[in-house]
Amino acid sequence: MIFFVTLIQKLGKKVQRIKLLPPNEINKIAAGEVVDRPANVVKELVENAIDAGSTKITVHIVDGGKELIRVADDGCGMSPQDAKFCIKNHATSKITSVEQLQEISTFGFRGEALASISAVSKFTLETKEKDGQGIQLKLDGGTLVAESEIPFDQGTDIKIADLFFNVPARQKFLKKRETENRHITQLFHAFCLDYLDIHFKLFVDGRQTVQCPPAKDIISRAAQLWGHNFAQQLTPIETEKKDGRPHITGAITNHEYFRYDRNNIFFFVNKRWIKNYQLSNALLKGYMNVLPPAKYPACCVFIEINPEEIDINIHPRKEEVKFLHPRT
Ligand code: ADP
Ligand code: MG
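The model shown is predicted, which means the values in this text are computed figures rather than measured ones.

S.K.: Go over the overall build of the protein, please, and point to the residues and values.
M.R.: Helix and strand counts for the protein stand at nine helices and 17 strands. With 328 residues in all, the protein has 46% of them scored as buried. Surface exposure of the protein reaches about 17,800 Å², of which carbon and sulfur atoms provide 53%.

S.K.: Explain the packing of helix H2 (residues 38-51) against helix H6 (residues 177-194) residue by residue, including any values.
M.R.: Contact pair H2 / H6: the axes reach a minimum separation of 9 Å and the direction vectors enclose 25 degrees. By the angle between their directions, the pair H2 and H6 is classed as roughly parallel. In this structure, H2 crosses over H6, and the sense of that crossing is right-handed. Taking contact as the criterion, the partners of Pro38, Ala39, Val42, Lys43, Val46, Glu47 and Ile50 in H2 are, on H6, Glu180, His183, Ile184, Leu187 and Phe191. Residue composition of the contact of H2 with H6, grouped by class: eight nonpolar, one polar and three charged.

S.K.: How would you summarise unusual backbone geometry if you had to cite specific residues and measurements?
M.R.: If you check the backbone angles, Asp162 has positive phi at about 50 degrees while not being a glycine. Along the chain, Asp162 turns up in the loop between strand S8 (155-161) and helix H5 (168-171). In this model, Asp205 sits at a positive phi of 50 degrees, which is unusual for a non-glycine residue. With respect to the helices and strands, the residue Asp205 is situated in the loop between strand S9 (199-204) and strand S10 (207-212). On the basis of relative accessible area, Asp205 is assigned to the partly exposed category, the value being 33%.

Cut-off values and rules
- Residues numbered from 1 in each chain as written.
- Chains lettered and ligands numbered in written order.
- Predicted model: local features only at pLDDT ≥ 70, side-chain atom pairs only at ≥ 80, totals over all residues.
- Heavy atoms only, no water.
- Helix = DSSP H or I, 4+ residues; strand = E, 2+ residues; numbered from the N terminus.
- Buried < 20%, exposed > 50% of the residue type's maximum accessible area, 1.4 Å probe, protein only.
- Areas by Shrake-Rupley, 256 points an atom, 1.4 Å probe, with all protein chains shown as cover.
- Axes fitted to C-alpha atoms, helices over the stretch in contact; angles between N-to-C directions.
- Parallel < 35°, antiparallel > 145°, perpendicular 65-115°, else oblique.
- Left-handed = near helix turned anticlockwise from the far one by under 90°.
- Contact = heavy atoms within 4.5 Å.
- Nonpolar A, V, L, I, M, F, W, Y, C, P; charged D, E, K, R; others polar.

So this is what it looks like as structure tokens:
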């Protein structure tokens, strides 16, 4: 919940005044729920690009995303009118009622990601629909400062500069470049594993670190990301398809491979990258007598499950999932 009232205490505790915060301030607070580090911005923007039906998504980050995050896609783009609308609160093309929350298959549903992100950054949006007019909008801390018609190819290009420039309290908590780069890269790898048909590129401080043209299967994708030697250690997995049972596919490393960290353990539930303690524990148990102590496998496991058996709305950024029947 967004607490949009502040209590101003005057004259000791005798008089309390309630004041409504201006919309920009509300957005700054809301931004804290969607975004607490650059990787969350990348996530929201890439999800939007996927929802827009893109076949190519290119991300640039500078200084761990603190200086610049740029996401360009070749998706459906927006009309000038929609472009102006999408940066407003609760502007979404994805749902019209609360009842649709449970069934929604696209990513975002809040319709507030762009409003929140633009409130805490210097934001540039360029977009064009197939036969429409290209438009560029510039916002500073949520205020529109420039608007112009531009020639542009179909798609959308969003630049987020100086994240949290107007919220020093949050800016202070951003980690050093390497840490933010690591979070963004892991998230980006997850998108690459999840969407084999999309051509993904990642540039870190001007250097291309990920180049993933469409891949035919998960093992080829892993080879694009981590090399052929790594991909050779992977074994595809698939459970039998049975009515009402979760269906599991993906790939896991064999007993000859190990890592010193858990960074390459990826789980997806109904195509959403999630973190779930029970799942990773179950996996590690399976490797218990196979790998040396404190060594970890790598894996990419996709679980398809009836949406009614899970709750994806327990986390504001939907990074976790609760299973109603965790033992099955
Ligand atoms: P949500 O994704 O929850 O709808 P957002 O604030 O992320 O909310 O986006 C608002 C709206 O802006 C989306 O519903 C969509 O219509 C439009 N939009 C955002 N990003 C893109 C994009 N890359 N391509 C096309 N449309 C977009
Ligand atoms: Mg969104």
